Amino acid sequence: QVQLVESGGGLVQAGGSLRLSCAASGRTVTRSTIGWFRQGPGKEREFVAAIWWSAGSTTYSDSVKGRFTISNDNAKNTVHLQMNSLKPDDTAVYYCAATGRYYSNTGAYQTAGVYDYWGQGTQVTVSS
C-alpha cells in the first residue's frame, strides 16, 4: 500500500510559478514510479510527468517539457513538481499517483490505468 497526499496548489498569474508536493508513505514507495496527472475543466485526465524513485529518471509530456521539473526528496519521501512559466491552459486539478509495476516501454507510464494509488488532488488555477 502507498498513501499519497498532494499540496501546494493555488492561484497564480500567467508566467508565474508554483511547486506542488506529493508526500508518499508506505513500505514500497522507494520501489515505485510516481506520476503527476492533471484534469482541466471539461477535459480528460492527462499525463504530466513521472519519476522512477530509485533511479531518479524522469519523463514529461510535450506540453510541459522545459517548463515543469519533477524531482524526489528521499529524506522526506516526497515528490515535487516545480511548475514555471505557467499558462492558463495549465489550470487543472493535479493528482499524483504511484505504481510498483515495471514496464520496459517507459511510455506505458503515461497511462493513468497503470497506476494503483492516487492522491486526492490539488487545484491549480492560472489567471490570464
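The structure reproduced in this document is the subject of the present report. Keep in mind that this is a model prediction, so the values were computed, not measured.

**Topic: the environment of Thr69**
The topology assignment puts Thr69 in strand E7 (residues 68-73). On the accessibility criterion, Thr69 (41% relative accessible area) is partly exposed. Taking the C-alpha atoms as reference points, Thr69 and Phe47, separated by 22 residues in sequence, lie 14 Å from one another. Residues within four places of Thr69 in sequence aside, it is in contact with Tyr60, His80, Leu81 and Gln82.

**What to know about the side chain of Arg67**
The topology assignment puts Arg67 in the loop between strand E6 (58-60) and E7. At 2.8 Å, the side chain of Arg67 and the side chain of Asp90 are in polar contact. Aside from chain neighbours lying at most four places away, what touches Arg67 is Gln82, Met83, Asn84, Ser85, Leu86, Lys87 and Asp90.

**Re the sheet that holds E7**
Spatial ordering of the open sheet is given by E1-E3-E8-E7, a layout of four strands whose pairing is antiparallel. Of all the strands in the sheet, the pair left with one neighbour each is strand E1 (3-7) and E7. Here the strands of the sheet are splayed against their neighbours by 15 degrees on average, with no regard to which way each runs. The pairing of E1 with strand E3 (residues 18-25) spans five bridges and is antiparallel.

The rules we used
Residues numbered from 1 in each chain as written. Predicted model: local features only at pLDDT ≥ 70, side-chain atom pairs only at ≥ 80, totals over all residues. Heavy atoms only, no water. Helix = DSSP H or I, 4+ residues; strand = E, 2+ residues; numbered from the N terminus. Buried < 20%, exposed > 50% of the residue type's maximum accessible area, 1.4 Å probe, protein only. Contact = heavy atoms within 4.5 Å. Polar contact = N/O pair within 3.5 Å; in protein donor to acceptor, adjacent residues only side chain to side chain. Pairing = 2+ DSSP bridges. Axes fitted to C-alpha atoms, helices over the stretch in contact; angles between N-to-C directions.

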